[in-house]
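Per-entry structural report
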Amino acid sequence: MRAATPAVTFDSDEVALLGVLHLPEGEGPHPVAVLLHGFPGNERNFDLAQSLRRAGYAALVFHYRGSWGVGGHWSWANALEDAGRVVRAVREEAFAAAHRLDPGRLAVVGHSFGGFAALMTAAGDPGIAATVSVSGFDFGTVTRGLDPAGRRAYVAAFEGELLPLRGTSGEELVGEMEAAGERWSLAALAPSFADRPVLLIGGGLDPVTPAEVHHRPLVGAYAAARLEHHEWATDHALSDHRVELAETVRDFLDRALGGTALTPAGASGGLTEGV
């Protein structure tokens, strides 16, 4: 039962989502971490996937519809649907058996938009055993205070990130965000996480999801969860905190999921910087 890195696909609204599953060695069954990348997905957190595999976790990285060569069209709602579909699919009996997975020990780990998607997905799925949001983007908070100048800035910012995406525009993405409004407020999800393990990580030097807007309010709102939270003096990608990030996520999942079924001899949670 050697470590392996199979390519996998998941059907979502008749579109094949492309993924890579990082399987550890050993018979398992292995706990699973589904990694949700942000918008547009330049940072896909493969370093976290490799670190978690070395610690005995199966770690999945995949692309949403309309991103990075995957068919279909990108939208916030499509990506949320895709995240929900994938976390259900990895727990299906045939998939779990084929890849030596423990469907009862599943975590979602997201960065930026992926952090938002992780919390949104887990709020509606009590079978998710642990949730991690890193530099999470709170759409509800943004739209609540969006003035015309701010709106134009978001349209321009989203428009500038569309190269690896298809089927959308900056204007459409802002319009979708506005239409969702409070339905996409992360603070409003707090009751769904009462007594559930949640890890929130924010960056004190993050210009994309400033901690005072996107992180600190959630720390207060999620007080009833089994909450762990950190705020580090780093940027949106946690560029100079990747080792600390990997170790923190791994330690949290060890506690939340009860450790790994098999930690390979000599394995370490450390990793080299970058991917």
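A short tour of the structure in this document, coming up. Quick caveat: nothing in here was measured; it's all calculated off a predicted structure. (Residues numbered from 1 in each chain as written. Predicted model: local features only at pLDDT ≥ 70, side-chain atom pairs only at ≥ 80, totals over all residues. Heavy atoms only, no water.)

Moving on to the overall build of the protein. For the protein, the count of helices and strands is 9 helices and 8 strands. Taken over the C-alpha trace, the protein has a radius of gyration of 18 Å; the compact-globule value for 275 residues is 19 Å, and the two agree within 12%. In terms of overall dimensions, the protein has C-alpha extents of about 55 × 40 × 35 Å along its principal axes. The 275 residues of the protein split such that 57% are buried. Counted over contacts in the protein with a minimum sequence separation of 6, partners at least 24 positions apart contribute 73%. Per element, the accessible surface of the protein, about 11000 Å² overall, is 54% carbon and sulfur. Charge separation in the protein, taken as the distance between the mean sites of 21 positive and 34 negative side-chain charges, equals 4 Å. (Helix = DSSP H or I, 4+ residues; strand = E, 2+ residues; numbered from the N terminus. Rg over C-alpha atoms; globule rule 2.2 N^0.38 Å. Buried < 20%, exposed > 50% of the residue type's maximum accessible area, 1.4 Å probe, protein only. Contact = heavy atoms within 4.5 Å. Areas by Shrake-Rupley, 256 points an atom, 1.4 Å probe, with all protein chains shown as cover. Lys, Arg positive; Asp, Glu negative; His and termini not counted. Charge placed at Lys NZ, Arg CZ, Asp CG, Glu CD.)

Quick look at helix 1 (residues 46–54) now. Of all the residues in helix 1, the buried ones are Asp-47, Leu-48, Ala-49, Ser-51, Leu-52 and Arg-53. Buried-residue contacts for helix 1 involve strand 2 (15–22), strand 3 (30–36), strand 4 (58–62) and helix 9 (242–257). Two residues or fewer past helix 1, Gly-56 is found with a positive phi of approximately 105°.

Our next topic: the packing of aromatic side chains. Going through the model one piece at a time under the given rule, you end up with 21 aromatic pairs. Here Phe-39 and Phe-158 contribute two aromatic rings whose centre-to-centre distance is 5.4 Å and whose plane-to-plane angle is 80°, an arrangement assigned as edge-to-face. Within this pair, whereas Phe-39 is found in the loop between strand 3 and helix 1, its partner Phe-158 is found in helix 6 (residues 148–159), the two being separated by 119 residues in sequence. A relative accessible area of 17% means that Phe-39 is categorised as buried. (Phe/Tyr/Trp six-rings, centres within 6.5 Å; stacked < 30°, edge-to-face > 60°.)

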